[in-house]
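So you can see what is in the structure, the chains are spelled out below.
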Amino acid sequence: MADGLEAIGSRRHFQYIVVGCGGIGSGAVYWLSKRAPGEVLGLEQFELGHERGGSQDVSRIIRLTYHDDRYTKLTPATFEAWAEVERESGQQLVFKCGGLQLAERGSTDHIMEKYAVALDRNNIPYERLSSAQLKARYPQFTPPPNMVALYQKDAGLVDAALGNSTHVQLARGNGAVVIDRCPVLRIRRNPAGNVEVTTTKGTFTCRKLVVTAGAWLNDVLGSIGVHVPVTVTQEQVTYFGTPHIKDFTKDRFPIWIYHTPRNDFYALPVHGNSGTKIGIDAGGPPVTGNTRTFQPDPVRTKTTRDLLEKILPKFLGPEMFTKTCLYTMTMDRHFVVDTCTQQRFSDVIVCCGAGHAYKFASLLGKILSEMAVDGRTQYDISQFNIDRPAVTDPNFKPTFYMGLQPASSKL
Ligand SMILES: Cc1cc2nc3c(=O)[nH]c(=O)nc-3n(C[C@H](O)[C@H](O)[C@H](O)COP(=O)(O)OP(=O)(O)OC[C@H]3O[C@@H](n4cnc5c(N)ncnc54)[C@H](O)[C@@H]3O)c2cc1C
């Protein structure tokens, strides 16, 4: 089946165009293609499946557990969105293995309480575990006595690389056209009142435009005078070749997030290759999509190794590889999902996932499709507005820390 430019001949107008076909954009193309078969064009600047953005690895954590209501009330729907993609494709994308939030009594357990409050408010069941109970349930851990845990059974991982390609393939099956190696250079309003999208492969027009350009968001939006202040960081995850593979399979070991006084660590069981996986949240330096190096930082790898030696030594093994990836964070680290109405572009819809959105990628695609087709969404995205102070106030102080932290720096 032909796709791309050759498939569309001289056609240059679509009802809907999506700029950026990474995690969220591939979701938008898929969900739009269900609502408007044959009327969707996805444009991707690199080759599909490239590793220069934020979404291309074999696993991302997915969980009901969030410390903030605006996400906790969406998390059940994100599992449903992935389930629909799984039903339609016959591919398993989500793997549940349970999830642990770990903290230290007296220093970081206040973060755990935020999770508990949000879970209670949304009627999501969970268990609290002491250090000894954690050890009894997961003997792989060697937890310090002051460690406390919150366990939620529905957490797990979503296979991101598979999710992205599945979205695109299903969308193509619904008549969507996806053109890769096709950077969008600018957007503007044309005299007929449509949105005009200029690319290196020609100019296209549409009724509604969805911009899901990750780290390059502002390069795309700049041409219509929209700017979303973001910090892009080069993050990394390390895969360790544990000899104890059987102790870290998805049926025996959960995903976990450990809030320490210095950094937040996250880790996943073996999936997609034979290694265990660990990273530090927002641990990397500021970069841009074009200046990032792909060079892993050995200090961060050592920091993860040092932690694992203390709390989970069997997770370790020789470093298989360390893979870099981009976070694109708004100043308050919350999503932006809104139209550019203030710039008189209510037909341009923008989404920024703020460095924690893969679990939501399919649901965000569904939300964007509803906004594009219906002009509104059934989901509550009222706090992801583009006119909040974190986006509009140039003096807004970032609410996140970057890099490896000195002991006293984290709230
Ligand atoms: C190391 C790491 C670990 C993470 N772990 C988790 C996790 O466990 N759970 C979780 O939920 N989230 C996690 N995240 C965050 C999550 O992966 C991202 O929030 C999400 O994948 C971002 O998706 P996106 O579609 O916005 O960006 P991207 O996937 O980067 O997609 C943007 C796309 O737009 C394209 N593009 C940009 N400009 C143009 C243009 N001008 N023309 C055409 N195309 C363009 C880009 O090439 C790119 O393909 C992690 C991120 C990293 C880096």
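Preceding block: the structure.
Bear in mind the structure is a predicted one, so any value in this text is a computation, not a measurement. The residue numbering used here restarts from 1 in each chain and proceeds along that chain's sequence as written. Only residues with pLDDT of 70 or above have their local features reported here, since the model is predicted, and side-chain atom pairs are shown and tallied only from 80 upward, although totals for entire chains, interfaces and linings are computed over all residues. Working from all heavy atoms in the structure, the side-chain values ignore hydrogens and water.

Draft legend 1. Just helix α5 (residues 109-121), in detail. Between its terminal C-alpha atoms α5 stretches 19 Å, which fits the 18 Å expected from 13 residues at 1.5 Å a residue. Taken together, the buried residues of α5 touch α3 (69-72), β5 (99-104), β6 (127-129), β7 (147-152) and β14 (255-259). The secondary structure listing takes helices from DSSP runs of H or I that are at least 4 residues long and strands from runs of E that are at least 2 residues long, numbered from the N terminus. Of the residues flanking the end of α5, it is N123, one or two places downstream, whose phi is positive at about 55°. The span expected for a helix works out to 1.5 Å for each residue beyond the first. Throughout, a contact is declared for two residues whenever any of their heavy atoms are within 4.5 Å.

Draft legend 2. Expanded view of the sheet that holds strand β3 (residues 60-62). Pairs of strands are assigned from DSSP output, requiring at least two bridges between the strands. One open sheet holds the three strands; their spatial order is β3-β8-β4, and the pairing between them is antiparallel. The sheet terminates laterally at β3 and β4 (94-96), the two strands that pair on one side only. Between one strand and the next, the sheet's axes are offset by a mean angle of 30°, whatever the strand orientation. As judged from the three bridges shared by β4 and strand β8 (residues 156-158), these two strands associate in the antiparallel manner. Between N-to-C directions, angles cover 0 to 180 degrees, with each direction set by a line fitted to C-alpha atoms, over the stretch in contact for helices.

Draft legend 3. Region of the structure containing the site of the ligand. The cutoff for a nearby residue is simple: one of its non-hydrogen atoms must lie within 4 Å of the molecule or strand. Surveying the vicinity of the ligand reveals 34 residues, the closest of which are E44, H50, S55, C325 and K359. Any pair of nitrogen or oxygen atoms within 3.5 Å is treated as a polar contact; in protein, a donor-acceptor pairing is required on top of that, and neighbouring residues in sequence qualify only through side-chain atoms on both sides. Within the backbone of G54, one N or O atom sits 2.8 Å away from an oxygen atom of the ligand. One nitrogen or oxygen atom from the side chain of S55 is found 2.4 Å from an oxygen atom belonging to the ligand. Reported accessibility uses the Shrake-Rupley method at a 1.4 Å probe radius. Residues are deemed covered only where the shown protein chains occlude them. Burial of the ligand by the protein amounts to 95% of the accessible area it has alone, namely 1,000 Å². Of all the elements in the fold, those that place two or more residues in the shell around the ligand are α2 (23-35), β3, β13 (230-240) and β18 (319-330).

Draft legend 4. Highlighting the side chain of D338. Tracing the chain through its elements places D338 in strand β19 (residues 336-340). Comment: no salt bridge for buried D338; closest opposite-charge side chain is R388, at 7.2 Å. Within the local environment of D338, its side chain forms a polar contact with the backbone nitrogen of I386, the two atoms lying 2.8 Å apart. Residues within four places of D338 in sequence aside, it is in contact with V348, I349, V350, M371, F384, N385, I386 and D387. Accessibility here uses a 1.4 Å probe with only protein chains present; expressed as a share of the type maximum, an area under 20% marks a residue as buried, one over 50% as exposed, and anything in between as partly exposed. In this tally, Lys and Arg are treated as positive and Asp and Glu as negative; His is ignored, and so are the chain termini. Note on definitions: salt bridges are taken to be side-chain nitrogens of Lys or Arg within 4 Å of carboxyl oxygens of Asp or Glu.

Draft legend 5. A look at the nonpolar core. Buried Ala, Val, Leu, Ile, Met, Phe, Trp, Tyr and Cys residues form a nonpolar core when they are joined through side-chain atoms within 4.5 Å. In terms of nonpolar packing, the biggest core is built from 58 residues, with F335, V337, L364 and L368 touching the most fellow members. Counting residues per element, this core draws most heavily on helix α10 (residues 361-374), at seven residues. Summarising the domain contributions, this core has at least three residues from each of domain 1 (5-56 + 161-228 + 332-392) and domain 2 (96-155 + 231-329). I17, I179, C182 and C340 belong to the second-largest nonpolar core, a separate cluster that totals 32 residues. For the domain bounds, the source is a domain assignment made automatically or taken from a database.

Draft legend 6. View of the environment of R344. Inspection of the secondary structure assignment puts R344 in the loop between β19 and β20 (345-352). For R344, a relative accessible area of 72% puts it in the exposed group. In this structure, the C-alpha to C-alpha distance between R344 and R189, residues 155 residues apart in sequence, is 9.8 Å.

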